[in-house]
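The chain contents come next:
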Amino acid sequence: MSSQTPPHKPRVAVVFGGRSSEHAISVVTAGAVLRAIDREKYDVLPIGITVDGRWALTADDPERMAIADRKLPSVAELAESTEGGVVLPVDPTNREIVYSEPGSVPKALGEVDVVFPVLHGPYGEDGTLQGLLELSGVPYVGSGVLASAVGQDKDYMKRVFTSFGLPVGPYEVIRPREWEQNPAVARKKIVDFAAEHGWPLFVKPARAGSSMGITKVDGLDGLDEAIEEARRHDPKILVESLLRGREIECGVLEFDDGPRASVPAEIPPVTAHDFYDFEAKYIDSAAGLVPAPLSADETAEVQELAVAAFEAASCEGLVRADFFLQDNGEFVINEINTLPGFTPISMYPRMWQESGVDYAELIDRLLQAALRRSTGLR
């Protein structure tokens, strides 16, 4: 009898960590993905990016990637070497990944069929990694360069949504040069905004996530400190007025026939925190309500808006869209996340679980969609 060659299993590089302030949350997300990915169907290669930008081979050990005793994990703790680096050739005819260490002959790690980037924030979620993968000709999960960049920059995201007629709340932008050259004028710009829309304000980095660098400001006292805290994460900052209402989230997933919305979720008021900040999200595990207690009409409206936001920004694969349902009954879109968290408590997988797509199927659908999709213009 002739032996049959076993079918080729797609090789998935799970890339995580990165140089942004969301490094630790990316590691936690990667641990959840590695734990859930079907090893009978896929070969997996975990690649971590350290906070200083080194691509490292890491242990395939999800247990070491979790938050333990309020301690956040890092790629440095998982890296197999303190000096070795992983190189992805920028050559669309060659998908072979190479590993090298000082004083050693580079070692080929084999070809990669698809990359699952679970990087959050700048240098990963913002189109930079996506551009590298496009140059390399390697398919990847999630949105392309443009949608990733738009989804990361809250200023241009809101401009895109406004141009498509989607409802956004009042906001103001302070660009790096404004604050650096004349902070008094920049400060007056914020004070004038507060005079029109009222205090409190939220001062936040324009291109960060996981509620990093956000401060709720009740008046002039503390404004400069809030600006500097936001600028610690991003020299470009966003100022938003307080929107009174309920926080509603909705997941979007791309199916064969186009994007569909999940059941929505609600983030209830967090009594131990001033707002839904990093500690509330990831350390104290604030629980969301899935599905959100909305009327049928409200559910249909937020689902329609979530898909419209996905389409407006030319997204692919997946998006989590965040809204406020204001006290007057109107929805306002706050932001989208093109690579939302996949941590065990993350809302995106929970919403799809409630919509009939469990975690393992969600990962599989994203990988299969990426494998079907070509790189380049599409």
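Calculation criteria
- Residues numbered from 1 in each chain as written.
- Predicted model: local features only at pLDDT ≥ 70, side-chain atom pairs only at ≥ 80, totals over all residues.
- Heavy atoms only, no water.
- Pairing = 2+ DSSP bridges.
- Helix = DSSP H or I, 4+ residues; strand = E, 2+ residues; numbered from the N terminus.
- Axes fitted to C-alpha atoms, helices over the stretch in contact; angles between N-to-C directions.
- Contact = heavy atoms within 4.5 Å.

A. Just the sheet that holds strand S6 (residues 107-111), in detail. Within the open sheet, the three strands sit side by side as S4-S5-S6. Their pairing is antiparallel. Every other strand in the sheet has two partners, leaving strand S4 (85-87) and S6 as the edge strands with one partner each. Taken pair by pair, the neighbouring strands of this sheet meet at an average axis angle of 25°, ignoring direction. Alignment of S4 against strand S5 (residues 96-100), held across three bridges, turns out to be antiparallel. By the bridge assignment, Val 87 is partnered in S5 with Val 98.

B. The arrangement of the sheet that holds strand S10 (residues 215-217) in detail. Spatially, the four strands line up as an open sheet ordered S8-S11-S9-S10, and their pairing is antiparallel. Each of the sheet's edge strands pairs with one partner strand only, and the pair in question is strand S8 (171-174) and S10. With direction set aside, neighbouring strand axes in the sheet form an average angle of 25°. Judged from the five bridges that link them, strand S9 (residues 201-205) and strand S11 (residues 237-241) form a sheet pairing that is antiparallel. Counted as the bridge partner of Phe 202 is Glu 240 from S11. Against the sheet, helix H8 (residues 223-231) touches S9, S10 and S11, its axis set at about 25° to S9.

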